[in-house]
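# Examination of the molecular architecture
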Amino acid sequence: MEYVRINNIEDPLFRQLHNLMSEVFPPEEVLEFSLWKEPLEDPGIRVFVAVHNGLVVGTTEYRYYSDWNVAMTDFTIIGKEGLGIGRFLAQNRLKDLASLAAEGGKKLYGMFAEIYDPYRVKHFDFGGIKPMDPFVRREVLSHLGYKRLDFTYIHPSWKGDGEAVSGLDLCFMPGDEELTQVDASLIADFLTRYYEVLVSKPSTWQSMVNMLRSMDTIDLLPL
């Protein structure tokens, strides 16, 4: 299996990647095909695919913010059972991020991720194969070391229509397993930069960010 970076919308592997995203995630979570041109060319956005026998069988997108020494996992998709794709993607992603942090003489502080909460929202009409079931994904991310940030989380829809999307938790995988809190200002700054590409944002999202800016720290809780 190969770990291949995609940085051009014309790459034939990208069509396979986008099809895989559309099979797994609901429409409000998937950026329209043509709008991927600039993100793929952005050096700070890292999109990799797992290629097996010429086919895209998994993919992950993530970002590294050198000024904060944190990363964000945008998504991880497993497209076929029984190939060890999840571990393959997670291990290669971590190696890549470790090397990026090391360039600045640092050890990665941690990584954010949005995680669906199937215990709160009972019906998710997506997933495709069993490894992508929200219950399974949540447990796997817990095993990887992700913890839930203790506040009510929403995010702006990737459709760009200004609607709020709920049913998720914002989580953080600390580089130091003993870490129990994250600075609220770091979370607020991260979310502001992460979603700056979306012009239309719900007022409830802005209220959430303002709430974070009024606090000192946010607790990390078990998933």
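Notes on the structure follow. Here the structure is a predicted model, which is why all the values come from computation and not from measurement.

## Considerations on the overall build of the protein chain
Helix and strand counts for the protein chain stand at 6 helices and 11 strands. For 223 residues, the compact-globule estimate of 2.2 N^0.38 gives 17 Å, and the C-alpha radius of gyration of the protein chain, at 17 Å, lies within 12% of that figure. For the C-alpha atoms alone, the extent of the protein chain along its principal axes is close to 50 × 40 × 35 Å. The proportion of buried residues among the 223 residues of the protein chain is 48%.

## Focus: helix H4 (residues 134–144)
All of the buried residues in H4 are Pro134, Arg137, Arg138 and Leu141. The buried residues of H4 occupy one face: seen down the axis, they fall within an arc of 100°. Structurally, H4 contributes buried residues whose contacts are with strand S5 (110–116), strand S6 (147–149) and strand S9 (168–174). A positive phi of about 115° marks Gly145, the residue just after H4.

## A closer look at the pairing of strand S2 (residues 45–52)
Of all the 8 residues making up S2, 7 are buried; the element is thus mostly covered by neighbouring parts of the structure. One ladder, built from 4 bridges, connects strand S1 (residues 2–5) with S2; its direction is antiparallel. By the bridge assignment, Glu2 is partnered in S2 with Val51. As paired elements, S2 and strand S3 (residues 55–65) share 8 bridges and run antiparallel to each other. Residue pairing in the sheet places Ala50 in a bridge with Gly58 of S3. Count of turn residues in the S2/S3 antiparallel hairpin: 2 residues, of which Asn53 carries a positive phi of about 55°.

## A closer look at the environment of Asp117
Structurally, Asp117 is set in the loop between S5 and H4. When the C-alpha atoms of Asp117 and Arg138 are compared, they prove to be 7.5 Å apart, with 21 residues separating the residues in sequence.

## A short note on the packing of aromatic side chains
Any aromatic ring pair is given by two values, namely how distant the centres are and how the planes are angled relative to each other. A complete count under the given rule lists 17 aromatic pairs for this structure. Residues Phe14 and Trp36 carry aromatic rings whose centres are separated by 5.6 Å and whose planes lie at 55° to one another, so their mutual orientation is tilted. Here the residue Phe14 occupies a position in helix H1 (residues 12–24), and Trp36 occupies one in the loop between H1 and helix H2 (37–41), the gap between them amounting to 22 residues. Classification of Phe14 by relative accessible area gives buried; the value is 0%. Between Phe151 and Tyr153 the ring centres are 6.0 Å apart and the planes differ by 90°, which places this aromatic pair in the edge-to-face class.

## Here's the deal with a nonpolar patch on the surface
Taken together, the side chains of Val136, Val140 and Leu144 define a hydrophobic patch exposed on the protein surface, amounting to about 220 Å² of accessible area. Within the secondary structure layout, Leu144 lies in helix H4.

## Here we look at the packing of helix H5 (residues 184–194) against helix H6 (residues 203–213)
Any two packed helices are characterised by the angle at which their axes cross and by the distance between the axes. It is at 8 Å that the axes of H5 and H6 come closest, and there the two elements cross at 150°. On the basis of the axis angle, H5 is roughly antiparallel to H6. Considering how the two elements wind past one another, H5 and H6 form a crossing that is left-handed. Residues Ala184, Ile187, Ala188, Asp189, Leu191 and Thr192 of H5 lie in contact with H6, whose contacting residues are Trp205, Met208, Val209, Leu212 and Arg213. Residues of the contact of H5 with H6, tallied by class, amount to 8 nonpolar, 1 polar and 2 charged.

## Here's the deal with the nonpolar core
Core analysis: the biggest nonpolar cluster contains 75 residues, and Trp36, Phe112, Leu149, Phe151, Ile187 and Leu191 have the highest contact counts within it. The element that contributes the greatest number of residues to this core is H5, accounting for 7 residues. For Leu149, the residues in contact, after removing those within four places along its chain, are Phe112, Leu170, Cys171, Phe172, Val182, Ile187, Ile218, Asp219 and Leu220.

## Considerations on empty space enclosed by the protein
Unfilled space is identified by rolling a water-sized probe across the atoms. Going through the model one piece at a time under the given rule, you end up with 1 cavity of 30 Å³ or more. By volume, the largest cavity is sized at about 40 Å³. When residues of the lining of the largest cavity are traced back to their parent elements, those giving at least two are S5 and H4. With 4 residues, H4 is the largest single contributor of residues to the lining of the largest cavity.

Cut-offs used in this document
- Numbering of residues starts from 1 in every chain and runs along the sequence as written.
- Where totals are concerned, whole chains, interfaces and linings use all residues; where local detail is concerned, this predicted model gives features only for residues with pLDDT of at least 70, and gives and counts side-chain atom pairs only at 80 or more.
- With hydrogens and water excluded, all non-hydrogen atoms of the structure serve as input to the side-chain values.
- Strands are runs of DSSP state E lasting at least two residues, helices are runs of H or I lasting at least four, and both sets are numbered from the N terminus onward.
- Radius of gyration means the value over C-alpha atoms here, while the globule rule gives 2.2 Å times the residue count to the 0.38 power.
- Relative accessibility decides the category of a residue: with a 1.4 Å probe and only protein chains considered, values under 20% of the type maximum give buried, values over 50% give exposed, and everything between is partly exposed.
- Summarising the geometry, the arc corresponds to the directions from the helix axis toward the C-beta atoms.
- In this description, contact between two residues means that some pair of their heavy atoms is separated by no more than 4.5 Å.
- Note: two strands are recorded as paired if DSSP finds a minimum of 2 bridges between them.
- Stacked, edge-to-face and tilted labels apply to pairs of Phe, Tyr and Trp rings (six-membered ring for Trp) whose centres lie within 6.5 Å, assigned for plane angles under 30 degrees, over 60, and everything in between, in that order.
- The patches described consist of residues with a relative accessible area above 30% and no salt bridge, like charges being joined within 9 Å and nonpolar side chains (Val, Leu, Ile, Met, Phe, Trp, Tyr) within 5 Å.
- Areas reported here follow the Shrake-Rupley algorithm with a probe of radius 1.4 Å; residue values treat only the protein chains shown as occluding.
- Basic side-chain nitrogens of Lys or Arg form a salt bridge, by our definition, when they fall within 4 Å of a carboxyl oxygen of Asp or Glu.
- Inter-axis angles, ranging from 0 to 180 degrees, are taken between N-to-C directions of lines fitted to C-alpha atoms, where helices are fitted over the stretch in contact.
- Here is the rule for angles: anything less than 35 degrees is roughly parallel, anything more than 145 is roughly antiparallel, 65 through 115 is roughly perpendicular, and the remaining ranges are oblique.
- Definitions for this section: a left-handed crossing has its near helix turned counterclockwise from the far helix by less than a right angle. A right-handed crossing has that turn clockwise.
- Under the scheme applied here, ten amino acids are nonpolar (Ala, Val, Leu, Ile, Met, Phe, Trp, Tyr, Cys and Pro), four are charged (Asp, Glu, Lys and Arg), and all others, including Gly, are polar.
- Think of a nonpolar core as a cluster: buried Ala, Val, Leu, Ile, Met, Phe, Trp, Tyr and Cys residues, connected wherever their side-chain atoms sit within 4.5 Å.
- In this analysis a 1.4 Å probe is tested at points of a 1 Å grid over the protein atoms alone, and where it fits but cannot get out there is a cavity; an open set with protein on both sides within 12 Å along at least five of seven lines is a pocket; lining residues have an atom within 4 Å of a point.
- Grid points are joined across faces, edges and corners, and a volume is the space filled by probe spheres set on the points.

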